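As a plain string of letters, each chain reads:
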Amino acid sequence: MRFEERKDSLLKQALDIRENGEVYSGFEKEFFSLVESVIIDMLEGDDSFFGQFLVRIERSIRFNITWPLATVPRMQGFKMYFNPLLFLQCDKREMQALFKHEIYHIMYGHHERERILKQKYTNITVNLSLDISINQFIKNLPMDSYKLERVNKEYNASLKEDEPIEIYAEEIEKAIKARLSQSIKDEKSNDL
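Residues numbered from 1 in each chain as written. Predicted model: local features only at pLDDT ≥ 70, side-chain atom pairs only at ≥ 80, totals over all residues. Heavy atoms only, no water.

A. Structural detail: helix 1 (residues 3-20). Across its 18 residues, helix 1 extends 26 Å between first and last C-alpha, which sits within 8% of the 26 Å expected from 1.5 Å per residue. Of all the positions in helix 1, only Phe3, Lys7, Leu10, Leu11, Gln13, Ala14 and Ile17 are classed as buried. Looking down the long axis of helix 1, one finds its buried residues gathered within 165° of arc, a one-sided arrangement. Exposed residues on helix 1 whose side chains face more than 90 degrees from its buried face are Lys12 and Glu19. Buried residues in helix 1 make contact with helix 2 (27-44), helix 4 (84-87) and helix 5 (92-107). (Helix = DSSP H or I, 4+ residues; strand = E, 2+ residues; numbered from the N terminus. Expected span 1.5 Å × (residues − 1). Buried < 20%, exposed > 50% of the residue type's maximum accessible area, 1.4 Å probe, protein only. Arc of directions from axis to C-beta. Contact = heavy atoms within 4.5 Å.)

B. Spatial organisation of the nonpolar core. By size, the foremost hydrophobic cluster in this structure holds 34 residues, and its most contacted members are Phe31, Val35, Phe82, Phe87, Leu88, Met95 and Phe99. Looking at this core, the elements that each hand over two or more residues are helix 1, helix 2, helix 3 (48-55), strand 3 (77-82), helix 4 and helix 5. Tallying contributions element by element places helix 2 first for this core, with eight residues. Those residues in contact with Val35 that sit more than four places away from it in its chain are Arg59, Phe82, Phe87 and Phe99. Grouped together as the second largest cluster of nonpolar side chains are 11 residues, Leu128, Val151, Tyr155 and Ile172 included. (Core = buried A, V, L, I, M, F, W, Y, C linked by side-chain atoms within 4.5 Å.)

C. The pattern of salt bridges, seen in detail. Taken as a whole and assessed by the stated rule, the structure comprises 15 salt bridges. Residue Glu166 is joined to Arg113 by a salt bridge in which the shortest nitrogen-to-oxygen separation is 3.3 Å. Here Arg113 lies in helix 6 (residues 110-117) and Glu166 lies in helix 9 (residues 165-191), a separation of 53 residues in the sequence. Taking relative accessible area as the criterion, Glu166 reaches 35% and is therefore assigned partly exposed. The partly exposed category is assigned to Arg113, whose relative accessible area is 27%. Through salt bridges with shared partners, a single network forms among Glu4, Lys7 and Asp8. (Salt bridge = Lys/Arg side-chain N within 4 Å of Asp/Glu carboxyl O.)

Listed below in structure tokens is the structure:
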């Protein structure tokens, strides 16, 4: 069976699982077989570094995460969680890009940096800052991924490429506060 057919079949099963709450026997095995085929393509192509990295990461399924992938640090390394409903909506190149995204977070110590930044900034600011700091270097990400252009447009910001996360966080936080302040002013003027 071709990759797309396998992916579509698994997505249908994942939708059924969400509907009836019953996990089909063999679903997890089939799902991770598809994931492994994506990793093998990376190993055999230009992304062998990322493929090697992925071979060593423990994997699990969680239908309740809000992104296709999430990686959590553990004592023995990292564990990568997959939401099949979201992951299976991606094509193979987007899946590979998502893997790169997660590996860059690990390589740049973002899990520790996130903890520190969240002492000063809001969750949305920190998450956007971490994501755009690496997404600007990854091709083929899903359309809804945050990149510099999108954040600049949505938050009326002027972020530049290849800046430190702390600069992004400071600028995004300012933009969010300015937007909130403008919204409050608009509400007051509408009440008059």
